[in-house]
Structure formats: C-alpha cells, structure tokens
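Listed below, chain by chain, are the residues.
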Amino acid sequence: MLDTLFPPHCLACGADVMQAGLLCATCVSQLHLITSPYCHRCALPFPSRAAGGATLTCTACAENPPPWREGRAAMVYDDLPRQLILPLKYADRTENATLLARYMAAAARGLVEKDSIFIPVPLHRVRLFTRRYNQAALLACALARTADRGQRPA
Ligand SMILES: [Zn+2]
Ligand SMILES: [Zn+2]
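Residues numbered from 1 in each chain as written. Chains lettered and ligands numbered in written order. Predicted model: local features only at pLDDT ≥ 70, side-chain atom pairs only at ≥ 80, totals over all residues. Heavy atoms only, no water.

(A) Fine view of the confidence of the model for the protein chain. Averaged over the protein chain, the pLDDT score is 88; the fraction of residues at 70 or greater is 88%. Within the protein chain, the lowest mean pLDDT, 63, falls on helix α1 (residues 2-5), and the highest, 97, falls on helix α2 (residues 25-30). (pLDDT = per-residue confidence, 0-100. Helix = DSSP H or I, 4+ residues; strand = E, 2+ residues; numbered from the N terminus.)

(B) Local environment of the packing of aromatic side chains. Tallying each qualifying case throughout the model produces 0 aromatic pairs. One Lys or Arg, arginine 82, reaches over the ring of tyrosine 77 and ends 4.9 Å from the middle of that ring. (Phe/Tyr/Trp six-rings, centres within 6.5 Å; stacked < 30°, edge-to-face > 60°. Lys NZ or Arg CZ within 6 Å of the ring centre and 35° of its normal.)

(C) Spotlight on the coordination of the zinc ion (ligand 2). The coordination sphere of the zinc ion (ligand 2), as far as protein atoms go, consists of Cys39 (SG), Cys42 (SG), Cys58 (SG) and Cys61 (SG), spread over 2.2 to 2.3 Å. Of note is the zinc ion (ligand 2), whose 4 donor atoms meet at the metal with angles of 103 to 114° in an arrangement that counts as tetrahedral. Sequence spacing of the donor residues for the zinc ion (ligand 2), all on one chain, is C-x2-C-x15-C-x2-C. Assessed through its relative accessible area of 35%, cysteine 42 is described here as partly exposed. (Donors = N, O, S within 2.8 Å, 3.2 Å for Na, K, Ca; no water. Tetrahedral: all angles 85-135°; square planar, octahedral: opposite > 155°, others 65-115°. Buried < 20%, exposed > 50% of the residue type's maximum accessible area, 1.4 Å probe, protein only.)

(D) Highlighting the coordination of the zinc ion (ligand 1). In the first shell of the zinc ion (ligand 1), the protein supplies Cys10 (SG), Cys13 (SG), Cys24 (SG) and Cys27 (SG), at 2.3 Å from the metal. Geometry at the zinc ion (ligand 1) is tetrahedral, judged from its 4 donor atoms and the angles of 105 to 117° they form at the metal. Written as a sequence motif, the donor residues of the zinc ion (ligand 1) are C-x2-C-x10-C-x2-C. With cysteine 10 in the loop between α1 and α2 and cysteine 27 in helix α2, the pair connects residues that are 17 residues apart, well separated along the chain. The two residues cysteine 10 and cysteine 27 agree in class, both being buried.

This is the structure in structure tokens:
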C-alpha cells in the first residue's frame, strides 16, 4: 500500500526501484567495491591480481604502519558513494546508513563477529547539536544490526 502511494526510489539518483532503501541497477554498476587484492591495513586496492591474499600491505603502511591491525573499506569514494554519504552527513538522509552499512559488513566479512563492538568516531558536541545526529553512530548501529543478521548488500 505504501509502495503504491510512495513508490520506492533509488537512494542515489531517484529512479524507481522495486524496494525502498536500495540503489537502481545503473547506480549499483557505478559502485567501485573494493575487493581482493587490497592492503589489509588500509584497504588500498591494488590494481592487479597481486599474490599474497589477505596479507598484502601497501608501501605506505609498510613504511609507516597504522595503529590498527586490519582495516577495510567498502568502496572507492568517488561520485556514486559521494551521492550517498554527503546527504547522510548534511541533508538528513539517514536512511542511507542502512545501505552503506550492508556494504561495510560485506567488506568486513571475516573481521566482524557476533560479539564485535562497534565504536563510532565521536562528533564534536556543537556539530552534534546542529546536525542532531552522528552519522558515524548511525553507520555503526546499522553495521551492528547488519552484521548480526548476516545481511548482504542488494
Ligand atoms: Zn540510481
Ligand atoms: Zn595500506
């Protein structure tokens, strides 16, 4: 009924989609998801099918290791992710957090466990007051829910 009154739209471009909270096929095709091979510390994708599996380390991380053991990134931050993330941060499009968290969960597969704890980067209290929400906390909560249910991005 609600879908008839308010047909679901692609979160990025606004095209009609079958189900709310998703991207259309065109926008999905524009995502550059980061898949193996990538640096296991900072998730920098390597351009070729380099050997080494999950233990590849980029030159920057090898020379100056970050203070964490493993890092993942869901996608290259280019035009399409920008259309999802900037509205999440600055235009109250909080529904984008659920979709983004599904991609984050897929990227973090193997690192996230049922008892994992998700800690968002804090937002300065002045910014929190003006924005009314912490987008990192929304992502962390959505990621925790997604990881707990083992969901995959559509
Ligand atoms: Zn679209
Ligand atoms: Zn790296």
